[in-house]
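Listed here are the chains, written in short residue letters.
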Amino acid sequence: TAYGGKKSFGAAVAINDRFAAVGVPGAEGVVLWERFDDTWERQAIESPADPSAGFGSTLALNDSTLIVGAPGEAIADFESAGAAYVLQWDAILDDFLPAVRYDARAGGTVVANARFGAAVDMDQSFYVIGAPGDDRGNGAVYSIPVGFEPPKTVIIPEGVNLATPGSVEATDGTAPDRIQVRWEDTSEDEDGHVVYRSNTEGGFDRVGKTAGNVEFF
């Protein structure tokens, strides 16, 4: 390889009839070689995550889908919660579509050091993601239906009391930037709280109700 330093070239490998993928979590993230007859053409898939996320640490590849694990990715204040990115090949565009990002909210709760994405695999119906640090270190495996749309759930920092009206900076699963979320009590016949999130015009939009974790769709 042409990499200097500790770039972890070869941390993961995967191959199909058209592509060979190599994980380089300390550099590009994933390097692809596309086969053309007897030659290979190199291209890189740049990491959409922070360099410390370990994007490219694990790989799975079938005829049309590439899964890339980023088990070191932080989510809000949860260090090494982990994530997995799914890229679908588009035959018309002759390229991979933008990655769809999954984390533990696809079937559980985000916790620190879960390392979601530490193992990845798939079949025709499910993406299977390992999280060895989940469940207090006992580990967990997530089975996510192919095509499942990641929930847009606001992650509230630890220690925030939702029992009384308040406001907090938070993050969601679709944007890296911090957003402002506030909530207020509802009447007794409306269980939970009314939730608002900040908009680009400096105001707030109502996004739903919650009786626990703040969620919006």
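Remember, it's a predicted structure, so these values are computed and weren't measured experimentally. (Residues numbered from 1 in each chain as written. Predicted model: local features only at pLDDT ≥ 70, side-chain atom pairs only at ≥ 80, totals over all residues. Heavy atoms only, no water.)

## Observations concerning the environment of Val-31
Here is the rule: The helix and strand labels rest on DSSP assignments: H or I over at least four residues marks a helix, E over at least two residues marks a strand, and numbering proceeds from the N terminus.
Relative to the helices and strands, Val-31 is located in strand β3 (residues 29-36). Expressed as a C-alpha distance, the spacing of Val-31 and Ala-44, which sit 13 residues apart in the sequence, is 4.4 Å.

## Some details on the nonpolar core
Formally: The criterion is simple. A nonpolar core is a set of buried Ala, Val, Leu, Ile, Met, Phe, Trp, Tyr and Cys residues joined through side-chain atoms within 4.5 Å. Only protein chains enter the calculation, and the probe is 1.4 Å; a residue is then buried if its accessible area is under 20% of its type maximum, exposed if over 50%, and partly exposed in between. For this analysis, residues touch if any pair of their heavy atoms sits within 4.5 Å.
Counting 20 residues, the largest nonpolar core has Val-30, Ile-45, Phe-55, Leu-59, Leu-66, Val-68 and Phe-96 as its most contacted members. Among the elements that take part in this core, strand β7 (residues 83-90) stands out by supplying 4 residues, more than any other. Those residues in contact with Val-68 that lie beyond four places of it in its chain are Val-30, Phe-55, Gly-56, Thr-58, Leu-59, Ala-83, Ala-84, Tyr-85 and Leu-87. Residues Ala-81, Ala-84, Val-86 and Tyr-102 belong to the second largest nonpolar core, which totals 18 residues.

## As for the sheet that holds strand β4 (residues 39-46)
What counts is decided by this rule: If DSSP finds at least two bridges between two strands, the strands pair. Angles run from 0 to 180 degrees between N-to-C directions of axes, and those axes are lines fitted to C-alpha atoms, restricted for helices to the stretch in contact.
Taken in spatial order, the 4 strands of this open sheet run β1-β2-β3-β4, and their pairing is antiparallel. Sheet topology places β1 (13-15) and β4 at the edges, where each strand pairs with a single neighbour. Pairs of neighbouring strands in the sheet enclose a mean axial angle of 20 degrees, with direction left out of account.

## Some thoughts on the pairing of strand β2 (residues 19-24)
The element β2 is largely enclosed, with a buried count of 6 among its 6 residues. Neither face of β2 is left uncovered, since the one carrying Phe-19, Ala-21 and Gly-23 and the one carrying Ala-20, Val-22 and Val-24 both have all their residues buried. Across 3 bridges, the pairing between β1 and β2 is antiparallel. Bridge assignment links Ile-15 to a residue of β2, and that residue is Ala-20. What sits between the antiparallel neighbours β1 and β2 is a turn of 3 residues. Examined bridge by bridge, β2 and β3 share 6 bridges and lie antiparallel to one another. Looking at β3, one finds that Gly-23 is bridged to Val-30.

## Observations regarding unusual backbone geometry
In the Ramachandran plot, Asp-37 falls in the positive-phi region, its phi being about 55 degrees despite a non-glycine side chain. With respect to the helices and strands, Asp-37 occurs in the loop between β3 and β4. Since its relative accessible area comes to 72%, Asp-37 is described here as exposed. Phi is positive for Arg-136, close to 55 degrees, though the residue is something other than glycine. Here Arg-136 is to be found in the loop between β11 (126-131) and β12 (140-145). Taking relative accessible area as the criterion, Arg-136 reaches 86% and is therefore assigned exposed.

## Describing the side chain of Asp-134
Rule in force here: Positive: Lys, Arg. Negative: Asp, Glu. His and the chain ends are not part of the count. The term salt bridge refers to a pairing of a side-chain nitrogen on Lys or Arg with a carboxyl oxygen on Asp or Glu at a separation within 4 Å.
Turning to its location among the elements, Asp-134 is positioned in the loop between β11 and β12. The side chain of Asp-134 is buried and forms no salt bridge, while Arg-136, the nearest opposite charge, is found at 8.9 Å. For Asp-134, the residues in contact, after removing those within four places along its chain, are Val-111, Ala-114, Gly-139, Ala-140 and Tyr-142.

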